[in-house]
Amino acid sequence: MAENISLSMTQTQRMDASLIQVLEIVTLPTEELKEKIKREAEKNPVINLGEEEKSYDAIPSYSSSPTIQYRDEANGSEYSDDGENDWFEKTVGEKESLGEHLYKQLGCMELTEEVKKAAEILISELDDRGFTGPNPEEALPSNLKPYTKEAVEAIQAMEPTGVGAKDWRGAIMLQIKEIEKDKDEVSRYRDIIYHGLDYIKDNRLDALARALRIGRADLDAMLSVIRTLTPFPGLKYSSDYTHYTIPELSFHTVDGVIYMKVLKGDLPEVEIDQSYLDLRDSLKKEGNEKSKEAAKYLGENITSAQNLMKMLSFRYSSLERIGRVLAEKQRDFFLHGPMFLKGLTMTETAEIMGVNVSTVSKMAAAKTVDTDWGIYPLRFFFSSEVKKEDGDDLSRNSVKLRIEKIIRENTTGKKLSDQKIADALAKEGIMIARRTVSKYRQEMALDSSRDR
C-alpha cells in the first residue's frame, strides 16, 4: 500500500544569539548594563574598563558619537548632546515608596489624634504624582471630614515640597511659597501658573509681562525659577522608577533652544588591551600548533570584545534617534511644560525610526529622561492621541490635565457632569465623547458625576 507523501513549506522567524544580545544591550537600564559590562570584562581577559575615579560632584560622560547640534529654522529649536547638565543632583535613589516616606514624617509631627488619622488616610489615597485630587475630604469618614484642612496642610508641610496638592499647579505654587516670601511676587507667580500658559505657548512674553505689570527681564527670571520646580513631586517614588535610576536622555532649554544629550552616566568605557592584540599577531607568525591555539583563543575574545563595543555604540545611537523624535514631537513639552504634552504613539515613533514597535517598547522600558520639568519615565512621553479640530493633537495626559483644570475652576457650586466637561473641551477644539471623559475621571480618581 503506497504511502501518501506531501511536502509543505512554512516560514518561521528565529532570532540568533547575536540579535538577542543587541536587543539586551539596547534595552537594559543603565545600572543593569553596568553590571553586565563588568561580568563580560571578568570572563574576557582582553577587555579593559576605562573607569575613571569619580568624585561625588562628577560630571557624567556622554555618548562618544559626534556632537548633535542643528537648528530647526521654523521653530527656532536646536538639539545638542554637548555641554553641562545637572542630572546628577536629580538622580533618584529612594528605596521607599511615597507613602512610607510621608508616614515617617507624620510620626514626627505634633498633631491631634484626629488630624493624624485623617492625614494617614489621605496619604494612602495620594496618587503616584503625590496629589490628593480636587476633593480630598471625600476619602475621609464623616467623623474625620472636619479635620481635612489641617490634615492636608500637614501633608503639604512634608518633603518633597509640593506633595499633598490637588494638582500640578498647586504643587508648583507650594514650591514657590517655600522660596518666595513676598506676597506680591507669589501672586505674580500664581498668575503665570494659572493664567499665563497660553501666553507662554504662543511666545507672547511681552504681552504677559505687560499683563503682570513687570519688565520682560523680571518675567524671564520668574520663568527660569518655574523651570527648576517639579510639577509631579511624587513621581520619583513611583514604582515606574527603578532604584538609583540614572537618566539616559537629557533635554534642557536655553533661550528657547532645546539641547538634547545622550547620557552614559557612570558606564565604564570598554577598550581592548593593545598588548593582547600584539600577542595575537605575534603568535600567528610563530606557526606551531600551540601558538595557533593560543592565537585562536585570543582572536575569539577580541571578536567578542569588539562585538560588545559595537552593541554599546548601537545603544547610544538608538537612544539618540529616539531622542530626536521626542525633541521634534514633544517640543512644546520641553519648552513649556506638562500641559503641552502631545499625543505620540510608539507605533508612530517606530515608523519614524524605521524599527519594529516592539523595539521602541523595549527601549522605553525602565529608562528615564531628565528635563527642565523634572525626571520622567521614558514611557511618559508616549500615549494615544486626542485630535483637535485644528488638526493638532494632544496626549491623553494633557487632556486629563485639562479635565482637572475644568473641574478645579468650576465655580457653580455643583458637580459638573461628564457631558458638560466634554462640551467645555469641545470649546477648546478637543473632541472626545462623554464616556471617554468618564473613563479619564475614573483613571484619575476624580469625583464621579451626579448629573449625567
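Residues numbered from 1 in each chain as written. Predicted model: local features only at pLDDT ≥ 70, side-chain atom pairs only at ≥ 80, totals over all residues. Heavy atoms only, no water.

Caption draft 1: The arrangement of the side chain of His101 in detail. Looking at the element boundaries, His101 is found in helix H4 (residues 98-106). With residues near it in sequence (within four places) discarded, His101 still touches Glu96, Glu159, Pro160 and Tyr237. (Helix = DSSP H or I, 4+ residues; strand = E, 2+ residues; numbered from the N terminus. Contact = heavy atoms within 4.5 Å.)

Caption draft 2: Local environment of H4. Within H4, the full set of buried residues consists of Leu98, Gly99, His101, Leu102 and Leu106. Along the axis of H4, the buried residues cluster in a sector spanning 160°; they form a single face. Summarising the contacts, the buried residues of H4 are in contact with helix H5 (113-125). (Buried < 20%, exposed > 50% of the residue type's maximum accessible area, 1.4 Å probe, protein only. Arc of directions from axis to C-beta.)

Caption draft 3: Seen up close, the pattern of salt bridges. Scanning the model with the defined rule gives 16 salt bridges in all. The salt bridge partner of Glu248 is Arg315, with a shortest N-O separation of 3.8 Å. On the criterion of sequence distance, the pair formed by Glu248 in the loop between helix H11 (216-227) and strand S5 (249-254) and Arg315 in helix H13 (residues 289-329) is long-range, its members being 67 residues apart. Both residues of the pair, Glu248 and Arg315, belong to the buried class. Of the charged contacts in the structure, one is a salt bridge between Asp332 and Lys342, with a shortest N-O distance of 3.6 Å. Highlighted residues: Asp332 in helix H14 (residues 331-336) and Lys342 in the loop between H14 and helix H15 (346-353), separated in sequence by 10 residues. No difference in accessibility class separates Asp332 from Lys342, as the two residues are buried. Several salt bridges share partner residues, and in doing so they unite Lys36, Glu40 and Lys43 into one network. (Salt bridge = Lys/Arg side-chain N within 4 Å of Asp/Glu carboxyl O.)

Caption draft 4: Representation of the packing of helix H2 (residues 30-43) against H13 in the model. The interhelical angle for the contact between H2 and H13, taken along N-to-C directions, is 165°, at an axis separation of 11 Å. As far as their axial angle goes, H13 and H2 are roughly antiparallel. Our pair here, H2 against H13, has a crossing hand that is left-handed. Listed contacts from H13 to Thr30, Leu33, Ile37, Glu40 and Lys43 of H2 are Asn301, Leu308, Leu312 and Arg315. (Axes fitted to C-alpha atoms, helices over the stretch in contact; angles between N-to-C directions. Parallel < 35°, antiparallel > 145°, perpendicular 65-115°, else oblique. Left-handed = near helix turned anticlockwise from the far one by under 90°.)

Caption draft 5: View of the side chain of Thr161. Its location among the elements puts Thr161 in the loop between helix H6 (148-156) and helix H7 (168-179). Reaching out from Thr161, the side chain makes a polar contact with the side chain of Glu178 at a distance of 3.0 Å. Not counting the four nearest positions on each side in its chain, Thr161 is found in contact with Leu174, Gln175, Glu178 and Pro233. (Polar contact = N/O pair within 3.5 Å; in protein donor to acceptor, adjacent residues only side chain to side chain.)

Caption draft 6: Fine view of the packing of helix H8 (residues 183-195) against H11. At a minimum axis distance of 11 Å, the contact between H8 and H11 shows a crossing angle of 75°. Classified by the angle their axes make, H8 and H11 are roughly perpendicular. Where H8 approaches H11, its residues Glu185, Arg188, Tyr189, Ile192 and Ile193 are matched on the opposing element by Leu219, Met222, Leu223, Val225 and Ile226. Here the residues of the contact of H8 with H11 sort into eight nonpolar, no polar and two charged. (Nonpolar A, V, L, I, M, F, W, Y, C, P; charged D, E, K, R; others polar.)

Caption draft 7: The arrangement of the packing of aromatic side chains in detail. Applying the stated criterion across every chain, the model contains 12 aromatic pairs. When the centroid spacing of 5.5 Å and the interplanar angle of 80° are considered together, the rings of Phe333 and Tyr376 count as edge-to-face. Residue Phe333 is found in helix H14, and its partner Tyr376 is found in strand S9 (residues 374-377); the two are separated by 43 residues along the sequence. Here the aromatic residues Phe131, Phe232, Phe251, Phe333, Phe334, Tyr376, Phe380 and Phe381 are joined through ring pairs into a cluster of three or more. For Arg204, the ring lying beneath its charged end belongs to Tyr199, and the centroid distance is 4.5 Å. (Phe/Tyr/Trp six-rings, centres within 6.5 Å; stacked < 30°, edge-to-face > 60°. Lys NZ or Arg CZ within 6 Å of the ring centre and 35° of its normal.)

That's the geometry; what it means functionally is another story.
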